[in-house]
Amino acid sequence: MFEKVNSKVVKVNVGQAGGVVARSGAMLFYTGQVAFAPHQIPGAGQGMGGGGLMRMAGQMMAGEHERTMLAQGNGEVHYGFAGLEVHVVQMQQGAVLRAEASRLLAQSAGLQASVVSVASSGGSGGGGGGLMGALRGAAAGVATGTGMFTTQLSGQGSAVLLAHGGFLELPVGGPNPIVVDPQAFVAAYGNVQTELKSAMSWRDAVGRGAGEAMQLHCHGQGVVYVQASEEKL
């Protein structure tokens, strides 16, 4: 579906793809008869009912969502964003892709998408769903400098990731987890569970540690995508 033009631009035939969802401002140019309309991922931009903490969690979820546009029709669209590197992930049935909204450039419109707490990604982060999952996700996002929520994609189709400085594709499945700096983490694909752990010691408390206070442990079966930079997008 998506085809790389170079390291920073992809193109896609919208009709053959069955529609494309992309972040606002990513469309570079197109040919043919293509229409664009605002789009919203389920669970994003929707407040949670109730008061107090529940409402706050809903506002945080809304704040993490990148505005997106749905392209439909018959034509070819070129996408890119801020000169960042792009990588195309071909989705297979049964696999899941999880990435921060800021790391997603575009995706097939037919993919199932939702917004979940980062603390519950993969089902073993200890966050759980609902209010407590949202609040734990908020704490994790503040501690690591990453977002509080992540976009989850599943189904058959393809998605395009963004990274600063290029991509590293790390296979997950060995006896030891892949340990990633949360700010370098881009996405996880397959059956990958993520767990945020503190790496602080007494040396950090007295200012003599390495400075990597939090680490993201990735285990299971699949692939973890890491950018060659700790710069936020």
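Residues numbered from 1 in each chain as written. Predicted model: local features only at pLDDT ≥ 70, side-chain atom pairs only at ≥ 80, totals over all residues. Heavy atoms only, no water.

**Notes on the pairing of strand 11 (residues 157–163)**
Here is step 1 of the chain: Of all seven residues making up strand 11, seven are buried, and the element is well covered by its neighbours.
Here is step 2 of the chain: Alternating positions in strand 11 separate into two faces, Gly-157, Ala-159, Leu-161 and Ala-163 on one and Ser-158, Val-160 and Leu-162 on the other, with burial throughout.
Here is step 3 of the chain: Across seven bridges, strand 6 (residues 85–91) lies against strand 11 in antiparallel orientation. Paired with Val-86 across the bridge in strand 11 is Leu-162.
Here is step 4 of the chain: As paired strands, strand 8 (residues 104–108) and strand 11 are joined by three bridges and run antiparallel to one another. Within strand 11, the residue paired with Leu-104 across the bridge is Leu-161. (Buried < 20%, exposed > 50% of the residue type's maximum accessible area, 1.4 Å probe, protein only. Helix = DSSP H or I, 4+ residues; strand = E, 2+ residues; numbered from the N terminus. Pairing = 2+ DSSP bridges.)

**A look at the side chain of Ser-108**
Here is step 1 of the chain: Relative to the helices and strands, Ser-108 resides in strand 8.
Here is step 2 of the chain: On the basis of relative accessibility, which here comes to 2%, the residue Ser-108 falls in the buried class.
Here is step 3 of the chain: Once you skip the residues sitting within four places of it in the chain, Ser-108 turns out to touch Met-1, Phe-2, Gly-19, Gly-157 and Ser-158. (Contact = heavy atoms within 4.5 Å.)

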